[in-house]
Amino acid sequence: MQEAYTCPSGGRRFRYSHRPPPVYMLTNSSDPGAAAMMDLFVRVLNRAAAIEREAVDIGHGVLLYPSEVHLIDLVGRFPEENVSGLASRLGITKGAVSQTVKKLEAKGYLERENPAGDRKTVYLRLTERGREAFAWHRGYHEAVNRQVLGGIAGFDPAEIEACTRVLLEIEHIFEACPAVREAHTRAFLERRRQIDIV
């Protein structure tokens, strides 16, 4: 049975199969709406992270992990890129790409290709099985995008603008997180050091 849950700040009502449990409470906020929004945001991130860890079998009897599917997708979209270029697009090391390539070669999804006379440059090509995985991945994202667009189609322009502002602010917060974490860790260690001295 689905239950309606209204954000405490009086916002839009959402339907859940159960009332969402609090995940994270803002300890320095007296605004229950902000705390509920943070709970929801953390839950969404956790669900997205869980999806990104799940392997999938697209009918070949072989599990493909997200890192493998993402590499298949990039090879399909950017066949002119070599391994270094693909690593740069993925934001990972060339060695990490090479490890994933070995796994995908063993599974029959990719093959390596060297240009004539150039043993250092390696291009990747999708096999028939790889092209099927590429098509599956593109179709999956189209289906998800349709679902997202259908979900927000009922929002009025002011709601979309407000959501956009919130997402942009969260993006800025994430960009600042490494510096905040570093400053917090330094302060934490200094406090701990002061306690150890006393």
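Residues numbered from 1 in each chain as written. Predicted model: local features only at pLDDT ≥ 70, side-chain atom pairs only at ≥ 80, totals over all residues. Heavy atoms only, no water.

### A few points about the overall build of the protein chain
This is how it is decided: Only DSSP runs of H or I with at least four residues qualify as helices, and only runs of E with at least two residues qualify as strands; both kinds are numbered from the N terminus onward. Residue burial is assigned from relative accessible area. The probe radius is 1.4 Å, only protein chains are included, and a residue is buried under 20% of its type maximum, exposed over 50%, and partly exposed in between. Note on definitions: a residue-residue contact is assigned when non-hydrogen atoms from the two residues lie within 4.5 Å. To be clear on the numbers: accessible area is Shrake-Rupley with a 1.4 Å probe, and residue cover counts the displayed protein chains and nothing else.
Scanning the protein chain from N- to C-terminus turns up six helices and four strands. In the protein chain, the order of α-helices and β-strands from amino to carboxyl end is β-β-α-α-α-α-β-β-α-α. Counting over 198 residues, the protein chain shows a buried share of 22%. The contacts of the protein chain with a sequence gap of at least 6 include a subset with a gap of at least 24, amounting to 41%. For the protein chain, the exposed surface amounts to about 13900 Å²; the carbon and sulfur share of it is 57%.

### Observations concerning the packing of helix α2 (residues 66-77) against helix α4 (residues 94-107)
Test applied: Working convention: axes come from line fits to C-alpha atoms, limited for helices to the stretch in contact. Angles between N-to-C directions cover 0 to 180 degrees. Should an angle fall under 35 degrees it is called roughly parallel, over 145 degrees roughly antiparallel, and 65 to 115 degrees roughly perpendicular, with every other angle called oblique. Classification used: nonpolar for Ala, Val, Leu, Ile, Met, Phe, Trp, Tyr, Cys and Pro, charged for Asp, Glu, Lys and Arg, polar for all others including Gly.
It is at 10 Å that the axes of α2 and α4 come closest, and there the two elements cross at 90°. Viewed along their axes, α2 and α4 adopt a mutual orientation that is roughly perpendicular. For the pair formed by α2 and α4, the contact residues are S67, E68, L71 and I72 on the first element and V97, T100, V101, K103, L104 and K107 on the second. A class-by-class count of the residues in the contact of α2 with α4 yields five nonpolar, two polar and three charged.

### Side note on the nonpolar core
Stated precisely, the cut-off is as follows: Buried Ala, Val, Leu, Ile, Met, Phe, Trp, Tyr and Cys residues that are joined via side-chain atoms within 4.5 Å together make up what is termed a nonpolar core.
The biggest cluster of nonpolar side chains holds 20 residues, and the ones touching the most others in it are L71, L110 and L124. When contributions to this core are tallied by element, the ones reaching two or more residues are α2, α3 (83-90), α4 and β4 (123-126). In contact with L110, other than residues within four places in its own chain, are L71, V75, V101, L104, E105, L124, R125, L126 and T127.

### Here we look at the pairing of β4
Our working rule: DSSP-based pairing: two strands are paired if at least 2 bridges between them are found.
Burial of β4 is one-sided: the residues L124 and L126 facing one way are buried, the residues Y123 and R125 facing the other way are not. Relative to β4, strand β3 (residues 110-113) is paired through four bridges, and the arrangement is antiparallel. What sits directly across from E113, in β4, is Y123.

### Details of the packing of aromatic side chains
The description of an aromatic ring pair rests on the distance of the ring centres and on the angle between the ring planes. Threshold: The criterion for an aromatic pair is that two Phe, Tyr or Trp rings (for Trp, the six-membered ring) have centres within 6.5 Å, with stacked assigned to planes under 30 degrees apart, edge-to-face to planes over 60 apart and tilted to the rest. By definition here, charges over rings are those cases where NZ of Lys or CZ of Arg is within 6 Å of the ring centre and within 35 degrees of the ring normal.
Applying the stated rule across the entire model yields two aromatic pairs. Between W136 and Y140, the ring centres sit 5.5 Å apart and the planes meet at 0°, which makes this aromatic pair stacked. Of the two residues, W136 and Y140 are both situated in helix α5 (residues 128-152); the distance of four residues between them amounts to about one turn of the helix. W136 gets classed as partly exposed once you look at its relative accessible area, which sits at 31%. The lysine or arginine in question, R89, covers the ring of F78, its NZ or CZ lying 3.6 Å from the ring centre.

### Some remarks on a nonpolar patch on the surface
Stated formally: Grouping into patches uses exposed residues only, defined as over 30% relative accessible area, and leaves out salt-bridged ones; the cut-off is 9 Å for like charges and 5 Å for nonpolar side chains (Val, Leu, Ile, Met, Phe, Trp, Tyr). Salt-bridge detection follows one rule: a side-chain nitrogen of Lys or Arg within 4 Å of a carboxyl oxygen of Asp or Glu.
Where nonpolar side chains cluster on the molecular surface, the patch consists of L45, I173 and F174 and spans about 260 Å² of accessible area. Here F174 lies in helix α6 (residues 157-197). Owing to a relative accessible area of 42%, F174 belongs among the partly exposed residues under this scheme.

### Remarks on α6
Stated precisely, the cut-off is as follows: Helix span is expected to be 1.5 Å times the residue number reduced by one. One axis is fitted to the seven residues ending at the residue and one to the seven starting there. The bend at that residue is the angle between these axes.
In this model α6 runs 58 Å from its N-terminal to its C-terminal C-alpha over 41 residues, within 8% of the 60 Å that 1.5 Å per residue would give. If you look at α6, its biggest bend is around 45°, right at C177, and the proline P178 turns up within four residues after that.

### Considering the environment of R53
Here R53 shows up in helix α1 (residues 32-53). Judged by its relative accessible area of 59%, R53 falls in the exposed class. Residues R53 and P66, 13 residues apart in the sequence, show an inter-C-alpha distance of 6.5 Å.

### What about the side chain of E68?
Tracing the sequence through the fold places E68 in helix α2. E68 has contacts with L63, T100, K103, L104 and K107, leaving out every residue within four places of it along the chain.

Treat this as a map of the structure, not an account of what it does.
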